[in-house]
Amino acid sequence: MECGRCDDACPAFASGKPLSPKAVVQDLKSLMEATANGESLALHGDTIQAETVWACTSCSACVTACPVRVDPLGLLFDLRRDRAAEGALAGSAANSMRQMQTKGNPWGFPQAERLAWADGLDVPLASDHPDFEILWWVGCAGSFDRRAQKVTRSIAKLLLKAGVNFAVLGPNECCTGDSARRLGDEFLFQELAEKNHATLKQHGVRKILTQCPHCMNSLTHDYPQFGDKFEVVHHTEFLQQLIDDGKLDAPKRNGSVTYHDPCYLARVNGVHQAPRDLLGDGISEMERRREKTFCCGAGGGRMWMEEEPDQRVSVLRAKEAIETGAETVAVGCPFCLTMMTDGVKSCGSGAKVEDVAENLAKRLGL
């Protein structure tokens, strides 16, 4: 197919990065035809450029846009694995992967500090509270990123207010390895996944609460490859269920707000109504939303890469949010929180960016 719908949907293509999903498919097709005719062309360099391989945000927009189910993303993932195996992953992304391997998180903070965000809160550890019903997977961003820690504390206050029987792993939690797999470092991903799988099995975990769609996606779709399956729920779904069950009060009507759907939450895992229910009536919707959302630019390991100012996907998305006239841009992902905050600032807007959980906790007086 050569309709170009994948290019129309691609955030990397829209921001001027050297990636055309359509061209990737067609160039690989041409390489196969040339090889069959006895020509000698290299896969990397002659056919696909290195900048193209790393430009993808893995948002899956190209996959869902294709009318005949061509999968450019799957091809790019394979190309990345090939390049990573050859040691071609370099720069800030490679440094984050090294820290993920040695420290258990891409920021490189000591594992002993994973529970520092909970200072002053009565958050139970799984090792001290073995009878928990749901394990809260806080994630690396929620544990170490200073801005995301505020979201984590909001979620903790909401769970404690509702009397949820939960626990966290604290220092025993390790990065899921999602970014490693999306970047093509399959060895590192499997190393981290096997370690986490053993920890989850040790505690008999069956239900997991996450605040990061990337953790959610990895635990839902990647981890079953290691022999077990978990029920994984995003915090927006879980919080809405607490309200439905009467364990949290229904919040007051929201102010002027728009909601940015994270790709890995809305498009990849189909969660888009719960965040809106939590935000209440009066949401100023962006044109591209729900399953047809537009990426913030952080997926596919791009969170850990340097980016040219004139090629930032976050700015394109922030402009869409600002055009709604909303005073608050709500998100449901720590990566989106970072990227949308930067994007809004780059646009010179005074709009506030916050997670849905922060918004809910504020309206409930927590």
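Here is what the cut-offs are and how they apply
- Residues numbered from 1 in each chain as written.
- Predicted model: local features only at pLDDT ≥ 70, side-chain atom pairs only at ≥ 80, totals over all residues.
- Heavy atoms only, no water.
- Helix = DSSP H or I, 4+ residues; strand = E, 2+ residues; numbered from the N terminus.
- Buried < 20%, exposed > 50% of the residue type's maximum accessible area, 1.4 Å probe, protein only.
- Contact = heavy atoms within 4.5 Å.
- Areas by Shrake-Rupley, 256 points an atom, 1.4 Å probe, with all protein chains shown as cover.
- Lys, Arg positive; Asp, Glu negative; His and termini not counted.
- Charge placed at Lys NZ, Arg CZ, Asp CG, Glu CD.
- Phe/Tyr/Trp six-rings, centres within 6.5 Å; stacked < 30°, edge-to-face > 60°.
- Lys NZ or Arg CZ within 6 Å of the ring centre and 35° of its normal.
- Pairing = 2+ DSSP bridges.
- Axes fitted to C-alpha atoms, helices over the stretch in contact; angles between N-to-C directions.
- Parallel < 35°, antiparallel > 145°, perpendicular 65-115°, else oblique.
- Nonpolar A, V, L, I, M, F, W, Y, C, P; charged D, E, K, R; others polar.
- 1 Å grid on protein atoms, 1.4 Å probe; cavity = no way out; pocket = protein on both sides within 12 Å on 5 of 7 lines; lining within 4 Å.
- Points joined across faces, edges and corners; volume = space filled by probe spheres on them.

Engineer: Is there a simple way to think about the overall build of the chain in this case?
Structural biologist: Along its length, the chain carries 18 helices and seven strands. For the chain, the C-alpha atoms occupy an extent of roughly 70 × 50 × 35 Å along the three principal directions. Looking at the chain as a whole, 56% of its 366 residues qualify as buried. When contacts within the chain are restricted to residue pairs at least 6 apart in sequence, those whose partners lie at least 24 apart make up 76%. Carbon and sulfur atoms make up 46% of the accessible area of the chain, which totals about 15800 Å². On the chain, the mean spot of the 41 positive side-chain charges and the mean spot of the 49 negative ones are 4 Å from each other.

Engineer: Could you clarify how one ought to interpret the packing of aromatic side chains in this entry?
Structural biologist: Geometry of an aromatic ring pair is reported as the spacing of the ring centres plus the angle between the planes. Under the counting rule described, the total for this entry stands at eight aromatic pairs. Measuring from centroid to centroid gives 5.4 Å for Trp117 and Trp136, while their planes differ by 65°, and the two rings are edge-to-face. Note that Trp117 is positioned in the loop between helix H7 (91-103) and strand E1 (134-137) and Trp136 in strand E1, a separation of 19 residues in sequence. Each of the two residues, Trp117 as well as Trp136, counts as buried. Seen in terms of ring centroids, Tyr223 and Phe226 are 6.4 Å apart; in terms of plane orientation they differ by 55°. Their pairing is tilted. What makes Phe226 partly exposed here is its relative accessible area of 21%. Taken together, Trp107, Trp304 and Phe335 form an aromatic cluster joined through their ring pairs. For the cation-ring pair, Arg288 lies above Phe294, with the distance from its terminal atom to the ring centre recorded as 3.9 Å.

Engineer: Whenever I open this one, the sheet that holds strand E2 (residues 166-167) confuses me. Can you help?
Structural biologist: In sheet architecture, strand pairing relies on hydrogen bonds along the backbone and comes in two forms, parallel and antiparallel. Pairing within the open sheet is parallel, and its four strands lie in the order E2-E1-E3-E4. The strands lining the two open edges of the sheet, one partner per strand, are E2 and strand E4 (231-234). As judged from the four bridges shared by strand E3 (residues 207-210) and E4, these two strands associate in the parallel manner. Counterpart to Lys207 in the pairing with E4 is Glu231. Strands in contact with helix H12 (residues 213-222) are E1, E3 and E4; relative to E4, the strand with the most contacts, it is inclined by about 165°.

Engineer: Any chance you could explain the packing of helix H13 (residues 235-244) against helix H18 (residues 356-363) here in plain terms?
Structural biologist: Relative placement of two packed helices is described by the angle separating their axes and the distance separating the axes. Close contact between H13 and H18 brings their axes to 10 Å; oriented N to C, the two are set at 30°. On the basis of their axis angle, the class for H13 and H18 is roughly parallel. Of the residues in H18, those in contact with His235, Thr236, Leu239 and Ile243 of H13 are Val356, Ala357 and Leu360. The class makeup of the residues in the contact of H13 with H18 is five nonpolar, two polar and no charged.

Engineer: What is the right way to read empty space enclosed by the protein from this model?
Structural biologist: The gaps of empty space that remain are located by a probe, the size of a water molecule, rolled over the atoms. In this structure the tally under the stated criterion is six cavities of 30 Å³ or more. If you add up the space inside the largest cavity, you get close to 140 Å³. Taken together, 18 residues form the lining of the largest cavity, with Cys140, Cys175, Cys212, Cys215 and Phe335 sitting closest to its centre. Tallying contributions element by element places helix H8 (residues 139-144) first for the lining of the largest cavity, with four residues. Size it by volume and the second largest cavity reaches roughly 110 Å³. With four residues, the top contributor of residues to the lining of the second largest cavity is helix H3 (residues 21-36).

Engineer: Teacher, can you tell me more about the sheet that holds strand E7 (residues 352-355) here?
Structural biologist: On the basis of which strands lie adjacent, the open sheet formed by three strands has the order E5-E6-E7 and parallel pairing. Looking along the sheet, the strands with just one partner apiece sit at the ends: strand E5 (257-259) and E7. The sheet shows a mean angle of 30° between the axes of neighbouring strands, taken without regard to direction. Two elements, E5 and strand E6 (residues 328-331), share three bridges in a ladder whose sense is parallel. Bridging across to E6, Tyr259 finds its partner in Ala330. Docked against the sheet, helix H17 (residues 334-346) engages E6 and E7, running at close to 175° with respect to E7.

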